[in-house]
Amino acid sequence: MFSTSFSRLFTLCSALASLGVGYAAPHARAAGHLPSGPKFVVYTDSAIGGGAVLPPLDQIQGFNVVNLAFLLTTGPADQAKNWAALPAAQRQTLKQQYNAAGVSLVVSAFGETEHPTSQDPTTVANGLAQFVLNTDLDGIDVDYEEFELVVQQPGVGEAWLTTLTQTLRQQLPQGQFILSHAPVGPWFSPGFCPGGCYLTVDKNVGALIDWYNIQFYNQSPSPGYDDCDSLLNSTPSSVFAIEKSGVDVNKLVIGKPGTTADITNGGFIDPATLATCIKTAVAGGWKAGVMAFQFPHADKTWISTVKGSAFA
């Protein structure tokens, strides 16, 4: 942690410069590729190998968003780092290829390894947005996971996320860039957080957020989300319960692990069973889409099975 906003910004800029992406004043750029209709999102955190950075298009047919994990306040890591390290011309060519195939390229920020709330949210957001602009991406996903803070310090995380989101939107205008968030399911449960968690964030800046990649996993034994009922109806943070709390149901993308290897604490539903949940949700008026963590366990076969005929 650094004592001033300037030093935090200097550290982030230095990290980006070391990868050849640099830092410049915010600048206009042609609109990115934004998916219309349901969002089918796959994260990629583990290196793919063979010289590739992105999941091959022929292995992710059916997905329309790839989230590269993770961008930290100290610079990109894992797949985000691999993407940033590519020559600019190669990034631009890949972006054109994936966009032409209907796939948007997004970077996911933070994840479980970073707790950024001690840093100035405006400074952090400006650095994140500049990375998107400098590395030919279609937007950013905010995967904020400060679990202890949101319970022990009411309102602090919510205010931080509000400012972060507002600043990101100033740099990445709506309709031109994707801005999603990836909260855990219980953060939409009334009373779970003294400050309201994502129910408060949604009230404050939900209009600026394109959709939520909700992590309906790693929450055993309760609420679990390991069957259709707890996922859709019977828990305070199930899909239709969140809708009753005032959140747009068609921003609630259902996130699930590709296999049990992609989770630490439950919530896996096999693809065929998950398909029945999705079909039930669509019949109930939901059509936000599905998120999977992560490729290669979640691939074209996984998403084809999960979709079934629900979105036909």
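Located above this text is the structure these notes cover.
Residues numbered from 1 in each chain as written. Predicted model: local features only at pLDDT ≥ 70, side-chain atom pairs only at ≥ 80, totals over all residues. Heavy atoms only, no water.

Participant: Can you tell me about the packing of helix α4 (residues 121–134) against helix α6 (residues 156–171), naming the residues and giving the values?
Facilitator: Contact geometry for α4 and α6: axes closest at 8 Å, N-to-C directions at 35°. Crossing handedness for the pair α4 and α6: right-handed. Seen from α4, the contacting residues are Pro121, Thr122, Val124, Ala125, Asn126, Leu128, Ala129 and Leu133; seen from α6, they are Trp160, Thr163, Leu164, Thr167, Leu168 and Gln171. A per-class count over the contact of α4 with α6 returns nine nonpolar, five polar and no charged. (Axes fitted to C-alpha atoms, helices over the stretch in contact; angles between N-to-C directions. Helix = DSSP H or I, 4+ residues; strand = E, 2+ residues; numbered from the N terminus. Left-handed = near helix turned anticlockwise from the far one by under 90°. Contact = heavy atoms within 4.5 Å. Nonpolar A, V, L, I, M, F, W, Y, C, P; charged D, E, K, R; others polar.)

Participant: Account for the state of the cysteines, naming residues and giving values.
Facilitator: Evaluated as defined, the whole model comprises two disulfides. Assigning the bonded cysteines of the chain consecutive numbers by sequence position, one obtains the connectivity 1-2, 3-4. (Disulfide = S-S within 2.5 Å.)

Participant: Could you give an account of unusual backbone geometry, naming the residues involved and the relevant values?
Facilitator: Of note, the bond from serine 220 into proline 221 is cis; its omega dihedral lies within 30 degrees of zero at 5°. Note on placement: proline 221 falls in the loop between β7 (211–215) and α8 (228–232). The peptide bond linking phenylalanine 295 to proline 296 adopts the cis configuration, its omega dihedral lying at 10°. Along the chain, proline 296 turns up in the loop between β9 (289–293) and α11 (300–307). Phi at aspartate 78 takes a positive value of approximately 50°, unusual for a residue other than glycine. Within the element layout of this structure, aspartate 78 appears in helix α2 (residues 78–84). A residue is classified by how much of its surface remains accessible, and aspartate 78, at 40% relative accessible area, is partly exposed. Phi angles above zero are rare outside glycine, and aspartate 136 is one such case at about 60°. Here aspartate 136 is to be found in the loop between α4 and β5 (139–143). (Buried < 20%, exposed > 50% of the residue type's maximum accessible area, 1.4 Å probe, protein only.)

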